Every structure is written in C-alpha cells, then in structure tokens.
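Per-entry structural report
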Amino acid sequence: MLNGLLLTMMLAAALPGEGMTASTAGITRPEPLLSTKDTLTVRQVMDELADAYGVSFVYDSSIGPMLGRVARESHADSLEDALRQLFEGTGVVWKLQNRYVVLKKQATGNTSSRTSRGRFTVSGFITDSASGETLIGAGASDGDAGAVTNNFGYYTLTVPAGKNVLTYSYLGCESVTEVIDVRKDTVVNVELSQSVSIEASRVVARKDAGISSTYMGAIEIPGSMIGNTPAVLGEADLLKTVQMMPGVQGGMNGFSGIYVRGGGADENLMLIDGISLYNVSHLLGLFSVFTPESVKKATLYKGSFPARYGGRASSVLDVRTNDGNANGFHGSVSAGLLSEKLHFEGPIGSPKTTYSLSARGMHTFLLDPLARLLGSPANYAFYDINAKIAHRISDSDRISAGFYMGRDYFRYSDSDKRSNRYYGPDYEPYERLTDDMSKIRMNWGNTVGVLRWNHIFNGNLFLDASAYVNRYRMNVETISSYWEKDAEAETRDRMEYGFFSGILDIGARADFEYVPVSEHLVKFGAEYVRHAFNPETERSSQMIKNNDVVMDTTMRSDVSNRSWGDELSFYAEDDITLGDHFSLNPGLRLSLFHTGRKVYFCPEPRLSFKASFGKGWAVKTAYSRMSQYVHQLASGNLSLPSDLWVPITGKIPPVKSRIVSAGGYYGGLEGWEFSLELYWKKLDNVLEYLDGKRAFTSSSGWESNVAVGEGRSYGAELYVRKTVGRTTGSVSYTLSKSDRIFRNGSINNGRRFPFVYDRRHNLCVDVNQRIGKRIDLSAVWRFDSGHWMTVPEGWTIVMDDQSGFGDIVPYIPSRNNYHLSPSHRLDLSMNIHKKTRRGENVWNVSLCNAYGARNPDWVVTDRTYYRGEDGKEETRLALSVRSFLLLLPSFSYTFNF
C-alpha cells in the first residue's frame, strides 16, 4: 500500500489534473517520503501529503465518507501524480489552488459539478489595505470562473454550495486566498496589500480592457505609466501618455490633442467619473485638464465600444478619480517650472466617510495680484480643482459627491497718458491732457458637479445612479476709453464689448450590472441629458461725454440663436463566457436627439467576439456603430477658446461611424503582451469648412459655411508591452490611411483628399528602467510621418468687373495639398526618490526633444517680388517651415506624505 511512494516537487513542470489547472507556486520541494506498509485510508494519505508539501485540503462534509476508503498502492513522482492516483475511481475530483487542494464530488451524467448542487453568490468590495481605496479591475476567482471589480471596486461571483477556495488578485498586489464555506449568498470584502516583489499578481477573469478582455482596441492606462512619461515643463500629462498608444496621434508636436483612427479632435468622448467634458486642454492644448494625482484609472476605447458609451464617433477615454484614503491623512505637494500642485485625502470622522482634493495652479495665477501691483500689463494662467466626498452608509449603499472646475485666464491692459503743449490762435500756449486706455480679459473652462448613489439589491444586481450638471463657458471682455481735457473742454469716450459662448448640460443616468450566473455579466441602463447651447452672445455699450452732454447706448445681441437639445438613450449588453475558449459581447444602444422640430433616432449595434486557443493565443473581431450630436467649429490646429461647440440641426445631421476590427493576441509569455489589430472605419456626415472659410471664428450662419461629407480610415496596429520587472515599456506601430470626400463637389471638386492628420507611419518606443529603489529612468522616442496642410501653389489676379481693378489672391488647386516632412524626437526623464521619516521626496528632471530635432509643425506662406528677364515685376511663392518644440529641459519636486 503506497509502499515506496516517493513524493517530490517539480515546480517548473507542474502537471494538470482532472482537466483543471494546477499551480504549485510557493510549494517547496520536500524530502523523499516513504509511506508505511500498513493499510492506509484516503484520508490518512491526505494527511501525509499535507505534511510533506505544506498544503491544506478543502472539502465539503458530503464527501467525507468517500475519504474513509482504503487507498490503492501506487507510486508518484510529484504532488499532482500522487493526487491523480489517490482519487482515481473514488468519485472525487481535485483542484490545486495555491496552497489548497480543493475536493469536490465528481459530476454524474450531463450535469456539471458546478450545477449538481445549489449555487450561491459571493460578492463584496476589494480595496487597498494601505488607503482603503477601492480597486478597479481587481480579480476574484475560484479556479473555474472569475470576476473583475467594476468602476466602484465591486465584484460578484457565483460559486457552488460548500467549501470554496477564492483567490483575490490585483496587478502590483499580493494575492489573497480565502477558504469560504458557502451556504447562502455571502458578502466578502477583501483588502489587498502592495507586493514587495517586482513580479506582480496576474488577474485571470473577464476585464473591460486589455488583451484578456472581449473588447478590441481597449487599453488600460495605469498611473505608473502616466508618472513615468517624460514631462513637458515638469507636468506629467494623461493625454500625452495616450498619444503613445497605437492608433492615436497627437496634433502639433508637443501638444496634448489626440486624433484616433482618422477621427477629428471633437470626436473623442472625454469622461471624468462618467461625465463628459467639452474642453480638455490648457495653454492652447499644451496640457490636459487631468491632474495625475487625482486619477485612479483611465481606459481608452478605440475599436469596439461597450454599449454604455455613446455621443462621439471615434474614441472614449473614461477617467475615474480617487475616492480618498480611509485609513489616515495623506497627500502630496509639488512644484515645477510651470505650476504648483497639491493633493490631500483622508477620512472625515470615521473610515466610512472620505474626501479627496487635488488642485493645480500656474505660477502666474498665484502671483497675479503681485504682478498687478508691479504694473505688469499682461498675464496668462490656468488652474484645476478636483474634489470628492464619499460616504459608506452600509455594505449595500454608498453615496458620493464630486466636483471639478478648470479655468484658463488671460488679461492685457495698456494705457498711454500724455500731456501735450499746444498754441491757440493768438499764440498763447495751453496744455491738453489725454489718456488712451484699453483692457482685455478672457476666461474659459469647465465646471462639473455630480451626485452618485451605489446600491446593491442583492449579490447579483448592482446599481450606479447619478445626477449631474456640466457647464462650459468662454467669456471675453474688452474695454477701451479715451479721455481728453484742456482749459475749455473735457471729452470722455468709453466703449465696452462682451462676448459669451457656452454649453449647459443637466442630466441623470442609471447603470445596472446583473450577474445571473458566472457565465453572464449583463449591463443595462438609461440616460437623459438636457443640452442648452449658446454659441455666441455679444454685448456692447458706449458712453460719450462732451462737457455736460452725455450719450449712453447699450446693445445686446445673439449672433447665433440659442438652441436646446434633448438626448435620451437606452442600452443593454451581455459579456458571455462560452466554455473555456470563447467569449461574446453583444450590445445595443438606442439614442434619440430632439432639436427644434427635428428628432433623430440612431440605433447603435455593438458586437465583440473572442476565441482563445490556449497557451496565451487568442483572436478577436468586433463591429461598432456610434453617433455624435455636437460639432466643434475649430479655427486651426491649436486648441483655441474661440473654437465653438454647436449642435446638430435640421440641416446638419449627426456624425455616424462604423468600425470593423479583427486582431490576434498573445499573452503566454509572463509579463509580456503582444497584439496586432486591423481596422476599417467609415464616417458619415463629417464637417469641413468651405474653401475660404477656414479661419472663420463666428458661429453666425455657420451652417452655410460648412459642407457635409464622408470620411474613411483603415490600417494595422502593432503593440508590444512589458508590464513586470525592473525594465518595462512598450512599442507601438501604426500603418494607416485616412481621407475625406464631399461628393457634391463643394470641397476639392468632389475628389478625395487626405485628412489633415493622415500620417502613414507612427512609431513610438517607450522604455522604463528602475535602478534600485531610488531611481527611475524613462525614455520615449517617436517617429511620425508628416501631416497635411492647405497652402497656395502660386498667385493669381481676380478682376473686379465693376471697378476694373484686380486683386492678387493665392491659387489653391486642392485641399490639403502640402505634405510636411516626418518628425521625430527623443524625450528623457529621471525620477529620484528619497524616503524619510516624514514622507518621500521625489525629484524629476526631464528633457524634451533631447537632440534638438527641428520638426516641421506648420508652414508660413508669403510672396516674394522679383524682376524677370523681360524686366517685368513678378511674384513668387515662398514657403517657410516653422518648429515649435525645440530642446526643452524641465524640473519638478514632489513631497509625498
């Protein structure tokens, strides 16, 4: 009976048993163990194996009698062999899970072991043990099925009745294993601690993004990647990190705008805690409004879109912010070449109530009062404030209130005071005093407020309900005055001009997650938004005073009539697991938009499919349709406050996109991810300015200044990423083509022309190296084909029939007819960490465009005059290429406590 049974451990070649995955990580190799010659029962052999290998057996009392049988004599070379031989023919199946051996009754007939007994739900929240912050995307698994926490850290998992071994894991955290005797629906809240080793835990369960998810073109942007990206002027930026992803292009070199798979800048849905933002940039697009300290998680969707998202045609960037530290007061303060930042978080009274506050302000914003005192005529500044208060009422109810405000501010003033001496008719001298003054003030930005309620009806049904207000405003005020006084008269002339543009959204949303069984994750919900558009309102007043006579006029007008829009949407989707190798996500979004007397109804079907072939190989395919109900009238490549948002109308229909994708993926190499995706994208009802209207900055009559056409984009995207170890990084390459066509001939005579950011090749290499515990090095090198511009190819004379005179005007034969040369640059960054008893000091040194490449950002055209051989004066076109971002060093300091 098991005489001569040799039990040894083979860590590198663990064999699976009973069709289940076996893992022997952490089990040490024992000394050779010989069993007694006496007759042993199965239970006694289990005791020997437990002592030899340091494992524990977990089983339900219903299989206890089966363990009293006499064990058969056998020989084994590993723990898996011993378990396989021990339980063969006993009606017991086993599964090795970490340091636990889980025993269950063998299924009979066509009934699986997961359905032969009752099934119950284990649910709860997974949090960080250090901060109490909920973890998004953490995994819970019983070895057969798995679940991932949602945007609020909640998971739900259906397991068989009896004893179950559940493993909880999160990237960068130590895994936790719990043995749970499930007799009813059970709530299990788990805390995970950060891993002390570089190797991070791997989450195996359904996810919303990454190569393991059903979705295509869905990428999670971890906070560590944002922090390691080389910073411009000491400012780490989320959107510049997003630009490193395949299929995503930046606008002008060094700026934070993004263009996804041939779409325009206004076709990206930017969400902060589920609320859309209209303006996401500061300093003309050099930085985004997302402060890294407030970001918990960011997810980019650019291929297949979950049905819960809608309203834009090309991409979705979902940014979730921190709830606050429940275990104590923590935070950070930092200062760089451009701005100061602070972040505070902690509990309020008890761990049930937390707060998080992040603020950032440009130096010039904080020092503006001093600048005014010193007589500075101009100033530009921006600031951001993120705040959130969260309260846990019970295990089933949580509420929170969030607030965001961001503003850009510019002022300019000039005054010219003079005292002049004049002579009258009789040559008597007299003095005249004059004061010519002008002022300009501008400010623009977003304000968002949201109230949120999370409720757990039972272990299977989760509700996220929210009500919000979102306002974008842009104000311009100018004042000009002239004052003149002499011995006989006094004259005052003062004129004020005001310009206002804005959008106000008031909405409510309800999102449900329902898990009937572990193989289905059903999400459904609805949203209503009331839009108020005010593209332009002008106000002017003038006061003229001549001695005692005063004339005062005030005038207010709406350049473009105000309009309202009602948007209603419903959606449903089901993430379905079909066995061990297939998953499917069908979804449908129905949206209606009412504006004026017109109602648009847009059904938006979505479908994603994934097939896994084992050893990390998988293929995916997807189809998505999106609709967009707003347009941005942009006046150039920079993000300007004069870029106006306007709604669709009875004449201008919604932008619609159809995206078909397919790709192959490999994740079998530990710590590495490989993907290759192909896509084809069709855009309907895209807008372009008519010829001669490109620099147009007023919304008055805007419908007659644009044309409605089609767009298309197709390409291939390669992405390789290393996620663990001291050396991490990624390589992304995109080969693509994007163009536009206006078949009615209104633009480019009905011929196709390249999209302004039709860059054939995009390559980005990102390398991060950790040296010890104190130094992090980062390098990002990128190469981009040149973008397109519309420039004149010569000059011509246009005659005026009435006057008989001619004007010299540029001759432009086609739209986007000039292809700029490729651009490339190397950005370097170094973080130095030093821990003290009071906290951690972090110094950052960055160098953008390290080798000073003079990249072509835009072209300036001019006329040059010369005399030909016949002596006649002629004109010639001159093109001058300009660069924006040259060698730019930066420095910042952060103290974390």
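Residues numbered from 1 in each chain as written. Predicted model: local features only at pLDDT ≥ 70, side-chain atom pairs only at ≥ 80, totals over all residues. Heavy atoms only, no water.

Quick look at the pattern of salt bridges
Counted only if it meets this: Basic side-chain nitrogens of Lys or Arg form a salt bridge, by our definition, when they fall within 4 Å of a carboxyl oxygen of Asp or Glu. Under the scheme used here, helices are H or I runs from DSSP no shorter than 4 residues and strands are E runs no shorter than 2 residues, and both carry numbers assigned from the N terminus. Relative accessibility decides the category of a residue: with a 1.4 Å probe and only protein chains considered, values under 20% of the type maximum give buried, values over 50% give exposed, and everything between is partly exposed.
Counted under the stated rule, the structure contains 30 salt bridges. Residues R712 and D739 are paired through a salt bridge, measuring 3.0 Å at the closest nitrogen-oxygen approach. Of this pair, R712 sits in strand 39 (residues 706-722) while D739 sits in strand 40 (residues 727-741), and the two are 27 residues apart along the sequence. What makes D739 buried here is its relative accessible area of 3%. We note a salt bridge from R782 to D784, for which the minimum N-O separation is 3.2 Å. Exposure remark for R782: the relative accessible area of 10% places this residue in the buried category. Given a relative accessible area of 8%, D784 falls into the buried group.

Quick word on the nonpolar core
Where we set the bar: The term nonpolar core refers to a set of buried residues drawn from Ala, Val, Leu, Ile, Met, Phe, Trp, Tyr and Cys, joined through side-chain atoms within 4.5 Å. Every residue pair with non-hydrogen atoms within 4.5 Å of one another is taken to be in contact.
Grouped together as the largest cluster of nonpolar side chains are 32 residues, with contacts concentrated most on I221, L238, V242, M245, L277, F290 and L317. Those residues in contact with F290, other than ones at most four positions away along the chain, are L238, L239, M270, L271, I272, L277, V280, V319 and R360. In this structure, L233, W444, F533 and C848 belong to the second largest nonpolar core, which totals 25 residues.

Quick look at the pairing of strand 40
What counts here: We treat two strands as partners when DSSP finds at least two bridges between them.
Across 13 bridges, the pairing between strand 39 and strand 40 is antiparallel. Directly across from S713, in strand 40, lies its bridge partner S738. Counting the residues in the hairpin turn of strand 39 and strand 40 gives four residues, including G725, whose phi is positive at 105 degrees. Bridge count for strand 40 against strand 42 (residues 761-771) is nine bridges, and the pairing is antiparallel. Along strand 42, the bridge assignment pairs T728 with N768. The pairing of strand 40 with strand 41 (residues 753-754) spans two bridges and is antiparallel. Bridging from a neighbouring strand, R740 pairs with F753 of strand 41.

What to know about the packing of helix 1 (residues 42-53) against helix 2 (residues 79-87)
This is how the line gets drawn: Fitted lines through C-alpha atoms serve as axes, helices being fitted only where they are in contact, and the angles separating the N-to-C directions of these axes extend from 0 to 180 degrees. Any angle that falls under 35 degrees is termed roughly parallel, while one over 145 is termed roughly antiparallel, one within 65 to 115 roughly perpendicular, and all others oblique.
At a closest axis distance of 11 Å, the pairing of helix 1 and helix 2 adopts a crossing angle of 170 degrees. What the angle tells us is that helix 1 and helix 2 run roughly antiparallel. Touching V42, V45, M46, L49 and Y53 of helix 1 are L79, A82, L83, L86 and F87, all from helix 2.

What about the side chain of T214?
For clarity, the cut-off: The definition of a polar contact used here is a pair of N or O atoms within 3.5 Å, where within protein one atom must be able to donate a hydrogen and the other to accept one, and adjacent residues in sequence count solely through side-chain atom pairs.
Relative to the elements of secondary structure, T214 occurs in the loop between strand 11 (190-192) and strand 12 (218-221). A distance of 3.3 Å separates polar atoms of two side chains, one belonging to T214 and the other to D575. There is a polar contact of 3.1 Å between the side chain of T214 and the side chain of S583.

Digging into the sheet that holds strand 8 (residues 162-169)
Strand pairing in a sheet is mediated by backbone hydrogen bonds. Such pairs are either parallel or antiparallel. In spatial order, the strands read 6-5-8-9; together these four strands make up an open sheet with antiparallel pairing. Two strands in the sheet have a free side with no partner beyond their single neighbour: strand 6 (146-148) and strand 9 (176-182). This sheet shows a mean twist of 20 degrees between the axes of neighbouring strands, independent of strand direction. Relative to strand 6, strand 5 (residues 139-141) is paired through three bridges, and the arrangement is antiparallel. When the sheet's bridge partners are listed, G139 is paired in strand 6 with V148.

Quick word on helix 1
Our working rule: A helix is expected to span 1.5 Å multiplied by its residue count minus one. The arc under discussion is defined with respect to the helix axis, by the directions toward the C-beta atoms.
Along its 12 residues, helix 1 runs 16 Å from first to last C-alpha, staying within 8% of the 16 Å computed at 1.5 Å per residue. The set of residues buried in helix 1 consists of V42, V45, M46, L49, A50, A52 and Y53. Seen along its axis, helix 1 keeps its buried residues to an arc of 165 degrees; they face one direction. Just downstream of helix 1 lies G54, where phi reads positive at about 70 degrees.

Topic: the confidence of the model for the protein
Selection rule: Values of pLDDT, which run from 0 to 100, indicate the predictor's confidence residue by residue.
Per-residue confidence for the protein gives a mean pLDDT of 81; residues scoring 70 or more make up 83%. Scored below 50 in pLDDT, residues 1-37 makes 97 contacts in the model with residues more than four places away or belonging to other chains.

A word on unusual backbone geometry
Unlike most non-glycine residues, N685 shows phi in positive territory, near 65 degrees. With respect to the element layout, N685 can be found in strand 38 (residues 672-689). At N749, a position not held by glycine, the phi torsion is positive, near 55 degrees. Its location among the elements puts N749 in the loop between strand 40 and strand 41.

Some details on the side chain of D318
Position of D318 relative to the elements: it lies in strand 20 (residues 315-321). D318 gets classed as buried once you look at its relative accessible area, which sits at 4%. At 2.6 Å, the side chain of D318 and the side chain of Y309 are in polar contact. Side-chain polar atoms of D318 contact the side chain of R320, separated by 3.2 Å. Beyond its immediate sequence surroundings of up to four residues, D318 is in contact with N151, L271, G274, K297, A298, T299 and Y309.

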